[in-house]
Amino acid sequence: MDRPALTVRSLMADEGLGIELSLVAGAAGLDRPVMNTRIQKSGLALVGHFHGIVPTRVQILGQTELSFLHKLSREDRLLSLRGFFELGLCCVILTQGDQPFETNSSGIGFFPVPELAQCAEESGTPLLISAVRSSVTITALHALLDDRLAPRIRLHGVLVDVFGVGLLLMGSSAIGKSECALDLVMRGHRLVADDAVECDYRPPGMVFGAPAELLRYHLEVRGLGILNVKDLFGVTSIRERKRIDVVVKLVEWSKDTEYDRLGLDERYHTILGVKIRELVIPVRPGRDMASILEVAARNELLKNAGFHAAREFFGNVEGELLGERTPEESSVPPPVRFAEEGTQRSAVPPGPPRPSHDRDAPSPPSSAFRQPPDRGRPPPDRPGSGFVATESSVSLPRPRRRG
């Protein structure tokens, strides 16, 4: 992992900052490194409490700190500022420091505190001025430092954007990563990087991938050589950078290896300290890897939306095994009970008996178990008809022999 550093000179000259910084004093320290993405605005340091001050952070002095220094005597200001600048700070930025002094206004400005430039020059600490407010200055510094000082690492793999999901294909050489990426591009998806993926960390826990500068827009396919995807398929087939959402590890299929067939176990791959979901997919002749990767991206979108197919399926299976379903919820109808009446059996509907005025009188059959109307079939009580009540109502009677 590479953690870059940024000098104060480079910070002032960077066009991506968006605000203008002017040097007041301390030019000897312009090559001091800025190594932290967060700034520090600690007014307690001006009263001699230096605990927690990180010298590699950019220090901000705003209107509140300047108003406090303005109310001190010259001797007290020199004592406070010398102790602050002797910490070896990378730089100090005054916000709205070029505003004129107004006694009845909240803006104090730089000119009522000339000891700032004196102490900065003595310690060789760059003292800069920003004409905008503290909040605007801090926001601009955070945006720039997050990009310039982001931890970086280069990985061997292929990064593609499939349905908005960043899939990082990893595996041994000649496993088929570039071929899968080419097939996905021909299906309308977008290539980010091939062979070398430049990964950088972004708060709060995201990893983005981008192509190496020399390999941008290019794809290597064995037998075809180097292809320019942008020229072949247009600008809609490439993307400059993409967040890595899933790491797909392609491995050679082996009958002696047990692969995940259920999808219940979650695997993770750590990149720059961030845990990213990992899938291990075996590669063998005849498998349509592009379709499998498309389904993996769709499934990742469902998981992000809160739908986990494997867990829901096994939840239903466990519910069936534990008997959590009531008879009303069961999709299988209850068995038909039979009651014997003499020599014949008739279907009796399940459930409690119906109330009747005459308990000795037989209850009428339910409409759900009523016999179908006779359509050329002899009634069941006709002797020799060959039809009994236990047979299905759709069965045909046996033919009677003549004679």
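Residues numbered from 1 in each chain as written. Predicted model: local features only at pLDDT ≥ 70, side-chain atom pairs only at ≥ 80, totals over all residues. Heavy atoms only, no water.

Next up on the list: the pairing of strand 6 (residues 127–130). The side-chain alternation of strand 6 yields two buried faces, one formed by Leu 127 and Ile 129 and the other by Leu 128 and Ser 130. Across 4 bridges, the pairing between strand 2 (residues 21–25) and strand 6 is antiparallel. Residue Leu 21 lies in a different strand from strand 6, and its bridge partner there is Ser 130. As paired strands, strand 5 (residues 92–95) and strand 6 are joined by 4 bridges and run parallel to one another. Bridged to Ile 93 within strand 6 is Leu 128. (Buried < 20%, exposed > 50% of the residue type's maximum accessible area, 1.4 Å probe, protein only. Helix = DSSP H or I, 4+ residues; strand = E, 2+ residues; numbered from the N terminus. Pairing = 2+ DSSP bridges.)

Among the nonpolar cores identified, the biggest contains 26 residues, and Val 160, Leu 167, Leu 191, Val 248 and Leu 293 are the most heavily contacted of them. Of all the secondary-structure elements, those providing two or more residues to this core are strand 7 (152–162), strand 8 (165–171), helix 6 (177–186), strand 11 (218–221), strand 14 (246–252) and helix 8 (289–304). A per-element tally of this core places helix 6 first, with 5 residues. Dropping the residues within four chain positions of it, Val 160 is found in contact with Val 165, Gly 166, Leu 167, Ala 181, Leu 184, Arg 190, Leu 191 and Val 192. (Core = buried A, V, L, I, M, F, W, Y, C linked by side-chain atoms within 4.5 Å. Contact = heavy atoms within 4.5 Å.)

Moving on: the pairing of strand 7. By the bridge criterion, 10 bridges tie strand 7 to strand 9 (residues 190–202) in an arrangement that is antiparallel. In the sheet register, Val 158 faces strand 9, and the bridge partner there is Asp 194. Judged from the 5 bridges that link them, strand 7 and strand 8 form a sheet pairing that is antiparallel. Following the sheet pairing, Asp 161 is matched in strand 8 by Gly 166. Counting the residues between successive antiparallel strands, the hairpin from strand 7 to strand 8 contains 2 residues, one of them, Phe 163, with a positive phi of roughly 55°.

With that settled, consider the pattern of salt bridges. Side-chain pairs of opposite charge can arise where the charged atoms are in close proximity. Using the criterion set out here, one finds 26 salt bridges in the structure. Here Arg 74 and Glu 115 are joined by a salt bridge, their closest N and O atoms 2.8 Å apart. With a gap of 41 residues between them, Arg 74 in helix 3 (residues 74–85) and Glu 115 in helix 4 (residues 115–123) connect regions that are remote in the sequence. Looking at Arg 74, the relative accessible area reads 42%, which means it is partly exposed. Linked by salt bridges that have partners in common, Asp 14, Asp 147, Arg 148, Asp 200, Arg 202 and Arg 241 make up one network. (Salt bridge = Lys/Arg side-chain N within 4 Å of Asp/Glu carboxyl O.)

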